[in-house]
Number of protein chains: 2
Amino acid sequence: MLHLIGLGLSHETDITVRGLETIKKCKRVYLEAYTSILMAAEKETLEKFYGKELILADREMVEQASDDILAGAQEDDIAFLVVGDPFGATTHTDLVIRARELGIKYQTIHNASVMNAVGACGLQLYNFGQTVSLVFFTDSWKPDSFYDKIHENRKIGLHTLVLLDIKVKEQSIENIMRGRNVFEPPRYMSIEQAASQLLEIEESRDEKVYCSDTPAIAVSRLGSPRQCIKAGSLGELAEYESGEPLHSLIVLGNNVHDLEIDFLVEFADDPEAFKALITKDAENFKKEVKIMSYSDDDDE
Amino acid sequence: MLHLIGLGLSHETDITVRGLETIKKCKRVYLEAYTSILMAAEKETLEKFYGKELILADREMVEQASDDILAGAQEDDIAFLVVGDPFGATTHTDLVIRARELGIKYQTIHNASVMNAVGACGLQLYNFGQTVSLVFFTDSWKPDSFYDKIHENRKIGLHTLVLLDIKVKEQSIENIMRGRNVFEPPRYMSIEQAASQLLEIEESRDEKVYCSDTPAIAVSRLGSPRQCIKAGSLGELAEYESGEPLHSLIVLGNNVHDLEIDFLVEFADDPEAFKALITKDAENFKKEVKIMSYSDDDDE
């Protein structure tokens, strides 16, 4: 049987009791090590805590050698550990589909992930629209599909959770050319870079989806002992020092409820100024949508 | 200190190791008992597992007597246990705001909730729009704000998670009039009733947001040993026998990805027929949106 087990957000003890019991009886235990990191625990800490050796599974192994992971799982118990919840990333769905094809039973032991734990900032989960991803821009590659999705969310008043890029096992072009298995240090996008990239795309697309005064929330090290939540404008967050990873960014919708505001202001340097940003954003954005909806009609 | 601890979805062992360690050191332990239920464990099972007596906290206590819950939490450790994750429901945000006012520190120990574990059905979480709630209709009260929200989601191709009503500690009008503290048995909305109520509102509003052929997913007893996922049309699910609670319903968006379909068809009685529903829904809905967007323009 394949056991997909979520590890939660940060500590080695964030695993569930049932997850831990299951690991202990498994023949092989894989740790997925490319979509996220467990913030307060290293591989060795986990191995000691579980009393089991862990096999690191990188993207290549999961996507191209999934049959090795699943070998013998018709009879043996195999665990596949994922930071957060196992169904946060597409590639794990692939693994389950492959298991089914091989006649392998599976079960999921769920855990918290940023997708639900982000409620800790005080925004209500049912006021979020679709979640978007933001990748590291290069000089020639600045994918901006997130911009249209934030627009869709904001048109109907909803908040947007922006998941920030993680790069592990990157190779330099020189090392790829020379066939050297040398990897760059892992990179995790900071709040500063995320907010700057968002504003860069607003500047080039200029569809007034948001601006440097748009209220946003920086969620850093969610669920860890050093969790930090900061409320400010996108312009302020572009100059924020967010510190150690992991980070997520939330762009507020233009219809923030009073109870959400009451909770959020605790995370603002200047609560009154932050409330004013929310009011201004709601007014600004309504105006802009009106203008845009006329111009949309003209295009038809 | 106030410790908000998520219990996860089903088993007493779905609590995290850190959550369990924290409960054991707490002076008082409250169990929130009105927004959800832990499916595979009763209060007595939990008390035995934790080695602690639990105080049941109903809505009245949390909303009107929160200071009793928080009494002494400036010095003592008090635990507040919530099925799923603590930030799934509005009233818990209130409790934290009150704790802050009283100068009480708090921490959250997160866990899985339906909001992220629903990914187990194979739909990608980033393809979901806003989540909606569906309450038990009465002859005179059929609130339908969910209808507009499903519409907003489907206009941009997104899935909608529909959370189904739970009624605990209900009193009959006769018992209220006579001042008798007698409560009705708890009620949990079934998939059949949810799908029927959705179709009832489509019939009365007639804005072609969905129809009896719209593909949907019934998620029953998520995370429990008797978890069951069923893919079918809303019309089929209105006649489904969903069995023991808890249930959630997903109305598919009209832009289902191939990988999502590959995973979903396993849950359909007739995979080819279900695929055909998805194709038909995408075509139907695009047509209807076109018609509606013209009529919207006319209204301006």
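Residues numbered from 1 in each chain as written. Chains lettered and ligands numbered in written order. Predicted model: local features only at pLDDT ≥ 70, side-chain atom pairs only at ≥ 80, totals over all residues. Heavy atoms only, no water.

**Student:** Break down the overall build of chain A for me, citing the residues and quoting the values.
**Tutor:** Of regular secondary structure, chain A possesses twelve helices and twelve strands. Its C-alpha atoms give chain A a radius of gyration of 21 Å, within 12% of the compact-globule value 19 Å for 300 residues. For chain A, the residues scored as buried account for 53% of the 300 residues in total. Sequence-distant contacts in chain A: of pairs separated by 6 or more residues, those separated by 24 or more amount to 74%. Taken as a whole, chain A presents about 13,200 Å² of accessible surface, with 48% of it coming from carbon and sulfur. One way to put it: in chain A the 31 positive side-chain charges average out to a point 6 Å from where the 53 negative ones average out. (Helix = DSSP H or I, 4+ residues; strand = E, 2+ residues; numbered from the N terminus. Rg over C-alpha atoms; globule rule 2.2 N^0.38 Å. Buried < 20%, exposed > 50% of the residue type's maximum accessible area, 1.4 Å probe, protein only. Contact = heavy atoms within 4.5 Å. Areas by Shrake-Rupley, 256 points an atom, 1.4 Å probe, with all protein chains shown as cover. Lys, Arg positive; Asp, Glu negative; His and termini not counted. Charge placed at Lys NZ, Arg CZ, Asp CG, Glu CD.)

**Student:** Before we move on, could you go through helix 9 (residues 191-205) of chain A and cite the residues and values that matter?
**Tutor:** Residues and elements named next belong to chain A. Compared with the 21 Å implied by 1.5 Å per residue over 15 residues, the 21 Å span of helix 9 between its first and last C-alpha is a close match. Among all positions of helix 9, only Ile 191, Glu 192, Ala 194, Ala 195, Gln 197, Leu 198, Leu 199, Ile 201 and Glu 202 are buried. Where helix 9 is buried, its residues touch strand 6 (132-134), helix 7 (145-155), strand 7 (160-164), strand 10 (215-220), helix 10 (234-237) and strand 12 (247-251). Trailing helix 9 by a residue or two, Asp 206 shows a phi angle of about 55°, which is positive. (Expected span 1.5 Å × (residues − 1).)

**Student:** I'd like a rundown of the sheet that holds strand 1 (residues 2-6) of chain B, residues and numbers included.
**Tutor:** Residue and element names in this part refer to chain B. Ordered by their spatial adjacency, five strands build an open sheet running 3-2-4-1-5, and the pairing between neighbours is parallel. The open sheet has two edge strands with one neighbour each: strand 3 (55-57) and strand 5 (106-109). When the angles between neighbouring strand axes are averaged without regard to direction, this sheet yields 25°. Sheet topology places strand 1 next to strand 4 (residues 78-82); five bridges connect them, and they run parallel. Counterpart to Leu 4 in the pairing with strand 4 is Phe 80. (Pairing = 2+ DSSP bridges. Axes fitted to C-alpha atoms, helices over the stretch in contact; angles between N-to-C directions.)

**Student:** Run through the sheet that holds strand 10 (residues 215-220) of chain B, naming residues and quoting values.
**Tutor:** The strands that make up a sheet pair up through hydrogen bonds in the backbone, lying either parallel or antiparallel. Residues and elements named next belong to chain B. What the five strands build is an open sheet, ordered 6-7-12-10-11; its pairing is mixed. If you trace the sheet from one side to the other, it starts and ends with strand 6 (132-134) and strand 11 (228-233), each paired once. With strand direction ignored, the average angle separating the axes of adjacent strands in the sheet is 25°. Relative to strand 12 (residues 247-251), strand 7 (residues 160-164) runs antiparallel, the two sharing four bridges. When the sheet's bridge partners are listed, Leu 161 is paired in strand 12 with Ile 250. Running at roughly 145° to strand 6, helix 7 (residues 145-155) makes contact with strand 6, strand 7 and strand 12 of the sheet.

**Student:** Run through the UniProt feature "binding site: S-adenosyl-L-methionine" in chain A, naming residues and quoting values.
**Tutor:** Residues given the UniProt feature "binding site: S-adenosyl-L-methionine" here are Leu 9, Asp 85, Gly 88, Ser 113, Val 114, Leu 164, Leu 222 and His 247 of chain A. For Ser 113 of chain A, the location among the structural elements is in the loop between strand 5 (106-109) and helix 6 (114-117). Judged by relative accessible area, which is 9%, Ser 113 of chain A ranks as buried. If we skip the residues at most four places from it in the chain, Ser 113 of chain A touches Leu 9, Gly 84 and Asp 85 of chain A together with Asn 116 of chain B. Looking at where Leu 164 of chain A falls in the secondary structure, it is placed in strand 7. Discounting residues that sit within four places of it in the chain, Leu 164 of chain A has contacts with Leu 134, Met 189, Ser 190, Ile 191, Ala 194, His 247 and Ser 248 of chain A. (UniProt positions renumbered as here; feature names shortened; annotations may be inferred.)

**Student:** Go over the packing of helix 7 of chain A against helix 9 of chain A, please, and point to the residues and values.
**Tutor:** Residue and element names in this part refer to chain A. It is the contact of helix 7 with helix 9, at a shortest axis distance of 10 Å, that shows an interaxial angle of 85°. When the axis of helix 7 is compared with that of helix 9, the two are roughly perpendicular. Counted together, Phe 146, Tyr 147, Asp 148 and Ile 150 of helix 7 and Leu 198, Ile 201, Glu 202 and Arg 205 of helix 9 form the full contact between these two elements. Residue composition of the contact of helix 7 with helix 9, by class: five nonpolar, no polar and three charged. (Parallel < 35°, antiparallel > 145°, perpendicular 65-115°, else oblique. Nonpolar A, V, L, I, M, F, W, Y, C, P; charged D, E, K, R; others polar.)

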